[in-house]
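Examining the three-dimensional arrangement
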Number of protein chains: 2
Amino acid sequence: MPQKVRIALDAMGGDFGASVVIPGAALALMRHSDVEFLMVGDSAQINAQLDAHPALKAVSRVIHADIAISMDEKPSQALRRGRKSSSMWLAIDAVKHGEADVAVSAGNTGALMAMARLNLRMMPGIDRPAIAAVWPTVRGESVVLDVGASIGGDAHHLASLAIMGSAMARVLFDLERPTVGLLNIGVEEVKGVEEVRGAAELLRAMNPPQLDFIGFVEGDGIGKGAADVIVTEGFSGNIALKTAEGTARQIAEYLRSAMSRTWRSKLGYIFARGAFNALRDKMDPRKVNGGVFLGLNGVVIKSHGGTDAEGFASAVEVGYDMVRYDLLPKINQTLNRDGHALSIVPNPQEAVS
Amino acid sequence: MPQKVRIALDAMGGDFGASVVIPGAALALMRHSDVEFLMVGDSAQINAQLDAHPALKAVSRVIHADIAISMDEKPSQALRRGRKSSSMWLAIDAVKHGEADVAVSAGNTGALMAMARLNLRMMPGIDRPAIAAVWPTVRGESVVLDVGASIGGDAHHLASLAIMGSAMARVLFDLERPTVGLLNIGVEEVKGVEEVRGAAELLRAMNPPQLDFIGFVEGDGIGKGAADVIVTEGFSGNIALKTAEGTARQIAEYLRSAMSRTWRSKLGYIFARGAFNALRDKMDPRKVNGGVFLGLNGVVIKSHGGTDAEGFASAVEVGYDMVRYDLLPKINQTLNRDGHALSIVPNPQEAVS
């Protein structure tokens, strides 16, 4: 691998800005030495942090930006205030101008999506963006999309999600032909909404060599790892993701309270501490941090705003993988063959405008 | 409480029919002595089971039905074959004709909903049914609806779900004015679909004295117990419910495998067995079995098809509570005051026809 992966970071993004972004980048660098960084944001803050990480400093270039988008700014407001000048915009801009291969931000989702869309534009054949998440399952991991970029969408939109998600699964999981399932509900007779049934017909008709469409998957199939890629529109996808996160936290709380109830359970906890640590590790949300924006002419990764350095490093590593293993070429490869079927996508309501 | 609660059971419903339904009813009777049963189905099978439960037999009347609806029958097929003659239909029919206060079936959801709708008809002011589930949370329990009866729906439909769900929460949790949240996604700016925002405006305008509308709740708010009642349309509600079930099973599997890995963790498990049993109890899906069909002129409860006697007993007890604590009068009480706002509900696509 001759070339380095060049990663632009919105150093001001997230709840903690440079104090998490820079240490996170340092962790990612320890795991991938073939990386260079563009650090975008307040140069004084960035340099102060970089001084503590000389190895990172040696592979980083700082681009000063006066404006930082706040976490509660509306996308329209963020665009008015920060277009062409904010750290978020300039990180994306580096991708657009070929100075970076990927941009990573822990800033607010709506603003990041709006800026990415306006600056990078949609890929030919795709006209609505998606956010894909990596979802831990009992079999390993699956790609789930859309987890909140676009609400609703017709059969063509869902089919385009299937294509983009399968490209991502090929990159992440090193699979030739990932299995793809459409999220649906199990009520008999109708079996879900018209668009979902239409997408199933479309995917069966297209039968792309890069993905293996296996049909419908219900909500409980996600955690089972019923398919490598689970496709749904952004409203239900976001609800599924958040509900799963909530359920995991709820059970963790039950477990904590159960283990601290009696001296026997406390003793049991001490003996089984290794097992609990392994479990905690397995359920650690930081390990799966990094939503991938799909459908754009460029790779943009969204980190959770409230994450720590370890979590931010995960998001950086997702970006690294997407570049190193050719996400965009792989999406294009499938789209070019099946682009025709997807070129007639209408324009329903969107979550982020 | 002078009158007994009269419960009609579809004794043929579910994966195991009378062999689960009758023992389940016997368990429910042990917890509520003020109950009478109508057992509908193959009388030979029912009587054979009743012989093992003399106390139950003493408060049961058997109604013979030749036809049993199977779990994979389509609603239309079930109606053609089983209308007026199946155990499922006749159990509902007993409610219609005032011979029972509630019908409970573990039979297939689509067929049960189709028959309940055709026979009992919708309440005035409501024209689409819903299924409500009881969802365990860290604070206790919440009512979540619709978990799969009707796909999509406008602001009025969502507001009617809020009214029916809050009546159910008043019944189940003995609350004067349950809090109600609309399930939504957290993308900035637009904050979810038009219908959800419309429902929020409607609920704020109506401000019914029987419920306290608290605004939007995201998926991770359900498990936190962010509101006593969580309202969403049937597609996303079903996905949320199944995703949570899947996540709980997934974590239980992680936990099992973590605890059996080393001798230390196995020893820890032995010491903490009481805590694990408490946890298992807390996560036991049988304890929250019993989906309530809402919007009909009568109370119908759907049990999971694959449950055991303990689970079926839970469904029977949900039915008991709904009758004993006046679900239908409480829904009507709210509807009569606010019926006007809800009387203009159009007719979007439905999952069960």
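Residues numbered from 1 in each chain as written. Chains lettered and ligands numbered in written order. Predicted model: local features only at pLDDT ≥ 70, side-chain atom pairs only at ≥ 80, totals over all residues. Heavy atoms only, no water.

Describing the pairing of strand 4 (residues 102-105) of chain B
Residue and element names in this part refer to chain B. Here strand 4 shows a buried face lined by Val-102 and Val-104 and a second buried face lined by Ala-103 and Ser-105. Taken together, the three bridges between strand 1 (residues 5-10) and strand 4 define a ladder with parallel strand orientation. Pairing of Ile-7 across the sheet is with Val-102, part of strand 4. Taken together, the four bridges between strand 4 and strand 11 (residues 299-302) define a ladder with parallel strand orientation. Note on strand 11: the bridge partner recorded for Val-104 is Ile-301. (Buried < 20%, exposed > 50% of the residue type's maximum accessible area, 1.4 Å probe, protein only. Helix = DSSP H or I, 4+ residues; strand = E, 2+ residues; numbered from the N terminus. Pairing = 2+ DSSP bridges.)

Some details on the domain arrangement of chain A
Residues and elements named next belong to chain A. Each assigned domain of chain A is listed with its residue range as follows: domain 1 (1-124 + 295-326) and domain 2 (127-293). For domain 1 versus domain 2, the distance between C-alpha centres works out to 25 Å. With 25 residues of domain 1 at the contact, the number on the domain 2 side is 18 residues. Taken together, the two surfaces of domain 1 and domain 2 that pack against each other cover about 1,800 Å², and 67% of this comes from carbon and sulfur. (Domains from an automatic or database assignment. Contact = heavy atoms within 4.5 Å. Buried area = accessible area lost by both parts, 1.4 Å probe.)

With respect to a positive patch on the surface
Residue and element names in this part refer to chain A. A cluster of like positive charges, contributed by Arg-83, Lys-84, Lys-96 and Arg-121, occupies part of the molecular surface. Within the secondary structure layout, Arg-121 lies in the loop between helix 6 (109-120) and strand 5 (130-136). For Arg-121, a relative accessible area of 52% corresponds to the exposed category. (Patch = residues over 30% accessible without salt bridge, like charges linked within 9 Å, V, L, I, M, F, W, Y side chains within 5 Å. Areas by Shrake-Rupley, 256 points an atom, 1.4 Å probe, with all protein chains shown as cover. Salt bridge = Lys/Arg side-chain N within 4 Å of Asp/Glu carboxyl O. Lys, Arg positive; Asp, Glu negative; His and termini not counted. Charge placed at Lys NZ, Arg CZ, Asp CG, Glu CD.)

Concerning helix 10 (residues 234-259) of chain B
Between its first and last C-alpha atoms helix 10 of chain B spans 37 Å; for 26 residues at 1.5 Å apiece the expected length is 38 Å, and the two agree. The opening residue of helix 10 of chain B is Glu233(B), an N-cap whose side-chain oxygen sits 2.8 Å from the backbone nitrogen of Phe235(B). (Expected span 1.5 Å × (residues − 1). Polar contact = N/O pair within 3.5 Å; in protein donor to acceptor, adjacent residues only side chain to side chain.)

Some points on the packing of helix 12 (residues 273-282) of chain A against helix 10 of chain B
Running from N to C, helix 12 of chain A and helix 10 of chain B cross one another at 150 degrees; their axes reach a closest spacing of 9 Å. As the angle between them shows, helix 12 of chain A and helix 10 of chain B are arranged roughly antiparallel. Helix-helix and strand crossings are classified by hand; for helix 12 of chain A and helix 10 of chain B the assignment is right-handed. Of the residues in helix 10 of chain B, those touching helix 12 of chain A at Ala275(A), Phe276(A), Leu279(A) and Lys282(A) are Tyr254(B), Leu255(B), Ala258(B) and Met259(B). Of the residues in the contact of helix 12 of chain A with helix 10 of chain B, the class split is seven nonpolar, no polar and one charged. (Axes fitted to C-alpha atoms, helices over the stretch in contact; angles between N-to-C directions. Parallel < 35°, antiparallel > 145°, perpendicular 65-115°, else oblique. Left-handed = near helix turned anticlockwise from the far one by under 90°. Nonpolar A, V, L, I, M, F, W, Y, C, P; charged D, E, K, R; others polar.)

Points about the sheet that holds strand 6 (residues 141-145) of chain B
Residue and element names in this part refer to chain B. Taken together, the 11 strands give an open sheet; going across it, the order is 3-2-1-4-11-10-5-6-9-7-8, and neighbouring strands pair in mixed fashion. Where the open sheet ends on each side, the last strands, each with one partner, are strand 3 (60-64) and strand 8 (212-217). Pairs of neighbouring strands in the sheet enclose a mean axial angle of 25 degrees, with direction left out of account. Along the sheet, helix 6 (residues 109-120) makes contact with strand 4, strand 5 (130-136), strand 10 (291-294) and strand 11, crossing strand 11 at roughly 175 degrees.

Focus: the packing of aromatic side chains
Inspection of every chain in the model, using the stated rule, returns four aromatic pairs over all chains. Both rings, one in Phe271(A) and one in Phe271(B), keep their centres 5.9 Å apart while their planes meet at 5 degrees; by these two values the pair is stacked. One end of the pair, Phe271(A), is in helix 11 (residues 263-271); the other, Phe271(B), is in helix 11 (residues 263-271), on a second chain. Under the relative-accessibility criterion, Phe271(A) is labelled partly exposed at 23%. Note on Tyr269(B) and Phe276(B): the rings are 4.9 Å apart at their centroids and 35 degrees apart in plane angle, and the pair reads as tilted. A relative accessible area of 24% places Tyr269(B) in the partly exposed class. Joined through ring pairs, the aromatic side chains of Tyr269(A), Phe276(A), Tyr269(B) and Phe276(B) make up one cluster. (Phe/Tyr/Trp six-rings, centres within 6.5 Å; stacked < 30°, edge-to-face > 60°.)

Considering the interface of chain B and chain A
Between chain B and chain A, the residue contacts involve 73 residues of the former and 73 residues of the latter. Here chain B and chain A share an interface that buries about 5,800 Å² over both sides, 68% of which is from carbon and sulfur atoms. In this structure, the connection of chain B to chain A is made through four salt bridges. For the salt bridge of Lys242(A) with Glu218(B), the shortest nitrogen-to-oxygen distance reads 2.3 Å. One can count 13 residue pairs in polar contact (both at pLDDT 80 or more) joining chain B with chain A. The greatest single-element share of the side of chain B that touches chain A, amounting to 20 residues, is contributed by helix 10 of chain B. Within the side of chain B that touches chain A, the residues separate by chemical class into 34 nonpolar, 24 polar and 15 charged.

Let's talk about the pattern of salt bridges
Pairing of side chains with opposite charge becomes possible as their charged atoms draw close. All names here are of chain B. Applying the stated criterion to the full structure yields 21 salt bridges over all chains. The closest approach of N and O atoms between Asp-51 and Lys-57, which form a salt bridge, is 2.6 Å. Overall, Lys-57 belongs to the partly exposed group, its relative accessible area being 37%.

Focus: the nonpolar core
Within the largest apolar cluster, 114 residues are counted, with the highest numbers of intra-cluster contacts made by Ile7(B), Leu9(B) and Phe37(B). When residues in this core are grouped by element, the largest group, 12 residues, is from helix 7 (residues 155-173) of chain B. Those residues in contact with Ile7(B) that sit more than four places away from it in its chain are Val35(B), Glu36(B), Phe37(B), Leu38(B), Val102(B), Val104(B), Val316(B) and Tyr320(B). Ranked by size, the runner-up nonpolar core spans 112 residues in total, among them Ile46(A), Leu112(A), Val292(A) and Ile239(B). (Core = buried A, V, L, I, M, F, W, Y, C linked by side-chain atoms within 4.5 Å.)

Some remarks on the sheet that holds strand 11 (residues 299-302) of chain A
Residues and elements named next belong to chain A. Read across the sheet, 11 strands follow the order 3-2-1-4-11-10-5-6-9-7-8 without closing on themselves; strand pairing throughout is mixed. At either margin of the open sheet sits one strand with a lone partner, and together these are strand 3 (60-64) and strand 8 (212-217). On average, each strand axis in the sheet is inclined to that of its neighbour by 25 degrees, with strand direction left out of account. Both strand 6 (residues 141-145) and strand 9 (residues 229-231) contribute to a ladder of three bridges, which runs parallel.

A word on the relation of the copies chain B and chain A
Mapping chain B onto chain A calls for a rotation angle of 180 degrees and an axial translation of 0.0 Å; the resulting RMSD is 0.0 Å. The two molecules are tied by a two-fold rotation axis, judged by turn and shift. In terms of proximity to the rotation axis, the leading residue of chain B is Gly268(B), whose C-alpha is 1.9 Å off the axis. When the interface residues of chain B are mapped onto chain A, 100% of them again fall at the interface, so both copies present the same face. (Least-squares fit on C-alpha atoms with pLDDT ≥ 70 in both.)

Points about the side chain of Asn119(B)
All names here are of chain B. With respect to the secondary-structure elements, Asn-119 resides in helix 6. Here Asn-119 falls in the buried class, since its relative accessible area comes to 3%. Separated by 2.8 Å, the side chains of Asn-119 and Asp-93 make a polar contact. Apart from the residues within four sequence positions on either side, Asn-119 is in contact with Trp-89, Ile-92, Asp-93 and Lys-96.

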